[in-house]
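A closer look at the structure
Residue strings, one per chain:
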Amino acid sequence: MGETRTVRPASRLRGTVSVPGDKSVTHRALMLGALGAGDSRIERFLDAADTRATLGCLRALGATIEEVAGAAPGEGVLLVRGRGRAGLGEPADVLDCENSGTTIRLLSGLLCGLPGLAVLSGDASLRQRPMDRVVRPLRALDADVTASAGGTRAPIVVRGGPVAGGRRIETGVASAQVKSALLLAALEADGPTTVIEPQATRDHTERMLAARGVGIARTPRAGGAVEVTLSPPPGDLEAVDVRVPGDVSAAAFWLVAAALHPDAELTLRGVGVNETRTGILDVLGGMGAAIERLEEREVGGEPIADLHVESSELRGMRVDGELALRAIDELPLVALAGALAGGETVIADAAELRVKESDRIAETARLLRSFGAEVEERPDGLRIAGGAGLRGACVDAGGDHRLAMVAAVAGLLASGETVVEGAGAVAVSYPRFWSELERLQGVPGAGLEAP
Ligand code: S3P
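Concerning the side chain of Arg133
Residue placement: Arg133 occurs in helix α5 (residues 132–139). At a separation of 2.8 Å, a polar atom in the side chain of Arg133 contacts the side chain of Glu352. Ignoring any residue separated from it by four or fewer positions in sequence, one finds Arg133 in contact with Arg105, Val173, Ser175, Val178, Glu352 and Val355.

Notes on the site of the ligand
Inspection of the region around the ligand gives Ser24, Arg28, Thr102, Arg105, Ser175, Ala176, Gln177, Arg202, Ile328, Asp329 and Lys356 as its neighbouring residues. Between Ala176 and the ligand, the recorded distance is 3.1 Å, taken from a backbone N or O atom to an oxygen atom. Contact distances for the ligand include 2.9 Å between an oxygen atom and a backbone N or O atom of Gln177. When the ligand sits alone it has 380 Å² of accessible area, and the protein chains cover 94% of it. Assessed atom by atom at 2 Å from the grid points, the ligand resides in the largest cavity. Going through the elements one at a time, α1 (23–35), α3 (101–111) and α7 (176–186) are the ones with two or more residues in the shell around the ligand. Grouping the amino acids of the shell around the ligand by side-chain chemistry returns two nonpolar, four polar and five charged.

Some remarks on the nonpolar core
If you look at the biggest cluster of nonpolar residues, it comprises 80 residues, and the most contacted ones within it are Trp254, Leu331, Leu336, Phe433 and Trp434. In terms of residue count, helix α9 (residues 248–260) provides more of this core than any other element does, twelve residues in total.

A look at the sheet that holds strand β13 (residues 226–231)
Taken together, four strands build an open sheet; the order of strands is β10-β11-β13-β12 and the sheet is mixed. Both outer strands of the open sheet, β10 (168–170) and β12 (215–220), are each paired with one neighbouring strand and no more. The mean inter-strand angle of the sheet, taken between neighbouring strand axes irrespective of direction, is 20°. Pairing of β12 with β13 involves six bridges; the strand directions are antiparallel. Residue pairing for β13: Ala217 is matched across the bridge by Thr229. Each of β12 and β13 is contacted by helix α8 (residues 204–211), which is oriented at about 145° to β12, the strand it contacts most.

About the criteria used
Residues numbered from 1 in each chain as written. Predicted model: local features only at pLDDT ≥ 70, side-chain atom pairs only at ≥ 80, totals over all residues. Heavy atoms only, no water. Helix = DSSP H or I, 4+ residues; strand = E, 2+ residues; numbered from the N terminus. Polar contact = N/O pair within 3.5 Å; in protein donor to acceptor, adjacent residues only side chain to side chain. Contact = heavy atoms within 4.5 Å. Near = heavy atom within 4 Å. Areas by Shrake-Rupley, 256 points an atom, 1.4 Å probe, with all protein chains shown as cover. 1 Å grid on protein atoms, 1.4 Å probe; cavity = no way out; pocket = protein on both sides within 12 Å on 5 of 7 lines; lining within 4 Å. Sits in = over half its atoms within 2 Å of the grid points. Nonpolar A, V, L, I, M, F, W, Y, C, P; charged D, E, K, R; others polar. Core = buried A, V, L, I, M, F, W, Y, C linked by side-chain atoms within 4.5 Å. Buried < 20%, exposed > 50% of the residue type's maximum accessible area, 1.4 Å probe, protein only. Pairing = 2+ DSSP bridges. Axes fitted to C-alpha atoms, helices over the stretch in contact; angles between N-to-C directions.

This is the structure we're talking about:
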């Protein structure tokens, strides 16, 4: 985490990038594989600290997960030797979810219906994040779940036992992690469960459960709400191989870098374009970025495409409502794009950013101001006055992986030199980020090349 990196402006960005596997899909593939009746291969899994936290917790619960040797970098393969729900048991120690909200929230749900006592915790950032959002609705399924600070913070304690079926539960917050925790708990319920989310969030869990033989019905409701009804399977989940799509949230760094750079043309291969995740493509398109989707295809129940992006003239725009939700992890990058675009950019309806790995509204404002941008912080978003250009700065990523990468992209586009402190945080979701960037820095004019 303490590592420091220097970024110099890129003279040119050209080439092909193979982005790492999707983080959300990798977490789910591991968990569902561990519950599966048999072996499942996970190809092109995201090998990063967050997904390794899930892997470590599942092993601590008794899962057998092997790393297949000989895979090329970025093409890693895991073999999960599922033995059904009976293959998971009480852990001997606290489950360390490290920095990963997806790990702690999804596992809290998954463990409700399995026997044994589990305590889940993580690093200082994770222990500050709200956990009442999972504790409360899991209790509404009669699950035995408690947490620190009056049920609001990790550590979370789950005592496995019966889970009530036949309930309709509102998540209260538009969160795929909360929805997924409830669906995983509902697998063990004694009847169907309906989960209602106020706005549609990423639907990887639903797709992956359906692919494993679970009855899932997803019904849109008025005002953008969605109802998901899960009918518990009579036996264990089927074991299904997964080829993980490239992470659009990782691709987003290069999309913004290339769209805003005056001499850029990049192709990003095999990127997941599930529409619950592609808000960033719609936002950049709306700002005027030349992004083309090529060779749209499907892998393992998820749509993917190659993305081609070129230098573009961007103009500011307003990003709110469902668009903000579908771009939630990329909003700090949208703010950066706004700082360099013509006119004003407003991000609204995004108060959730305050409870991510850091307070991403405050931290994005702080970071962009260091580069000389004019940014106003609002309770639910940011207003950015564009067009003034950025000057290199010395910034601290504040322990947040995505902000470390936003700072690096800002450094590529700014004048002068940028120093990023806390650069090691990229290990959480994109361990090879700096080496991709180094290729760009080390070979002036050569740009990014495929690994
Ligand atoms: C995720 C859901 C989102 C997202 C996070 C990953 C997931 O969080 O920000 O990076 O894998 O389900 P919330 O559920 O808190 O919105």
